[in-house]
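Chain residues, written in single-letter form:
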Amino acid sequence: MFYGSIPGEVQSLIVGTVMDWDCSDIYVGCSGNFSVEKVLSPLGKFRLHSNDVLMYSYYIGQCLAGQSFQMALSDLGEEKIPWVKDYLKTPVDCLATMLLISAVVRFMDKDNKYYEKMYREYMRQFSKLHTATVDRIQKNEARIDSYFSGDAMEFVQNAPDNAGFITYPPFKKAGKAFIKDFAKLESLFEFTQPSYTIFDESTLLEYFNFVTQKQYWLIGTDIRLPEPFDQYLKAVSKTTNRGIAIYLYANTGATRYIGPRQETEVLNIPRLMPGDVVGAHIELEILSN
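Let me begin by describing the structure that accompanies this report. (Residues numbered from 1 in each chain as written. Predicted model: local features only at pLDDT ≥ 70, side-chain atom pairs only at ≥ 80, totals over all residues. Heavy atoms only, no water.)

**Some points on empty space enclosed by the protein**
And step 1. A full pass over the atoms with the stated rule returns two cavities of 30 Å³ or more.
And step 2. Of the volumes computed, that of the largest cavity is approximately 50 Å³.
And step 3. Residue lining of the largest cavity: Leu13, Thr17, Leu218, Lys234, Ala235, Leu248, Tyr249, Ala250, Ala254 and Arg256, and that is the complete set.
And step 4. At the level of elements, helix 1 (8-18), strand 6 (233-237) and strand 7 (246-250) are the ones that each hand at least two residues to the lining of the largest cavity.
And step 5. Among the elements that take part in the lining of the largest cavity, strand 7 stands out by supplying three residues, more than any other. (1 Å grid on protein atoms, 1.4 Å probe; cavity = no way out; pocket = protein on both sides within 12 Å on 5 of 7 lines; lining within 4 Å. Points joined across faces, edges and corners; volume = space filled by probe spheres on them. Helix = DSSP H or I, 4+ residues; strand = E, 2+ residues; numbered from the N terminus.)

**Some details on the packing of aromatic side chains**
And step 1. Summed over all chains, the structure comprises 21 aromatic pairs.
And step 2. Look at Tyr27 and Phe155: their rings are 5.7 Å apart centre to centre, the planes differ by 55°, and that puts the pair in the tilted class. Within this pair, whereas Tyr27 is found in strand 1 (residues 25-29), its partner Phe155 is found in helix 8 (residues 152-158), the two being separated by 128 residues in sequence. Of the two residues, Tyr27 and Phe155, both sit in the buried class.
And step 3. Taken together, a centroid distance of 6.4 Å and an interplanar angle of 75° make the contact between Phe107 and Tyr114 edge-to-face.
And step 4. The ring of Tyr115 is capped by Lys110, whose NZ or CZ atom sits 5.7 Å from the centre of that ring. (Phe/Tyr/Trp six-rings, centres within 6.5 Å; stacked < 30°, edge-to-face > 60°. Buried < 20%, exposed > 50% of the residue type's maximum accessible area, 1.4 Å probe, protein only. Lys NZ or Arg CZ within 6 Å of the ring centre and 35° of its normal.)

**A closer look at the packing of helix 3 (residues 55-64) against helix 5 (residues 91-104)**
And step 1. Orientation of helix 3 relative to helix 5, taken along the N-to-C sense of each, is 150°, at an axis distance of 10 Å. Classified by the angle their axes make, helix 3 and helix 5 are roughly antiparallel. Seen along the crossing, helix 3 lies across helix 5 with a hand that is left-handed. Between helix 3 and helix 5, the contacting residues are Met55, Tyr56, Tyr59, Ile60 and Cys63 on the first element and Leu95, Met98, Leu99 and Ser102 on the second.
And step 2. Here the contact of helix 3 with helix 5 is built from residues that sort into eight nonpolar, one polar and no charged. (Axes fitted to C-alpha atoms, helices over the stretch in contact; angles between N-to-C directions. Parallel < 35°, antiparallel > 145°, perpendicular 65-115°, else oblique. Left-handed = near helix turned anticlockwise from the far one by under 90°. Contact = heavy atoms within 4.5 Å. Nonpolar A, V, L, I, M, F, W, Y, C, P; charged D, E, K, R; others polar.)

Note that all results are geometric; they support no functional claim without further evidence.
The following block contains the structure:
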């Protein structure tokens, strides 16, 4: 339903780390699609406070916080998708519509047969998809206690020092791309985006320094952080050989490593080595994985 996700293995590491935190509140900077909140909420142990700047995250956050809200199309939305107004009745209807349109926009205004066909099918099945999405939202049991639509730097500075703080910001230069991916979606709805700073290497480290001032903290990133962070490296997760490594830094918890495991078979057949003569006959054989 939601774009992006923290890998399941990393989610388990996060839960294992925070289970021993002796605090009542956890603040989550850069909530994105609320993967952290969705794994911590069922624990029933903490009050959760979320944060992001995207319209996408804002409406999900309002719904998870049990807040009522309204949604309206922008002038461009009135031009491109006027029929969507019929699906903007209740807050749950609005959220389901926004989530579906976030998928639809990838196929809008594309001079490509595949994208055109995908767009037509979304339009044809929209009512059915909307009903199914509303049902999934209503069955969702994750809850948060508050949502702050604003800069993560401001959010961490205002969070109490005796609280827990978790952050999993966009990787490296992906922040600009991440925001750009949702710009088309946001152009279709009325939404006043808060001011914020896109992290570069310097501001990201400054942000992390504020995070480490909390009583309990956990940072997820694809960057191997320098000292003094290195002493707090608690876990590394790289589930595929070509995947990126995710580093978890925290001031509590055990040290863990997750790596790829590949099942291979020994091929008990002669191999062609340098200098060997191929011969006059060559044929192809199908090999298993």
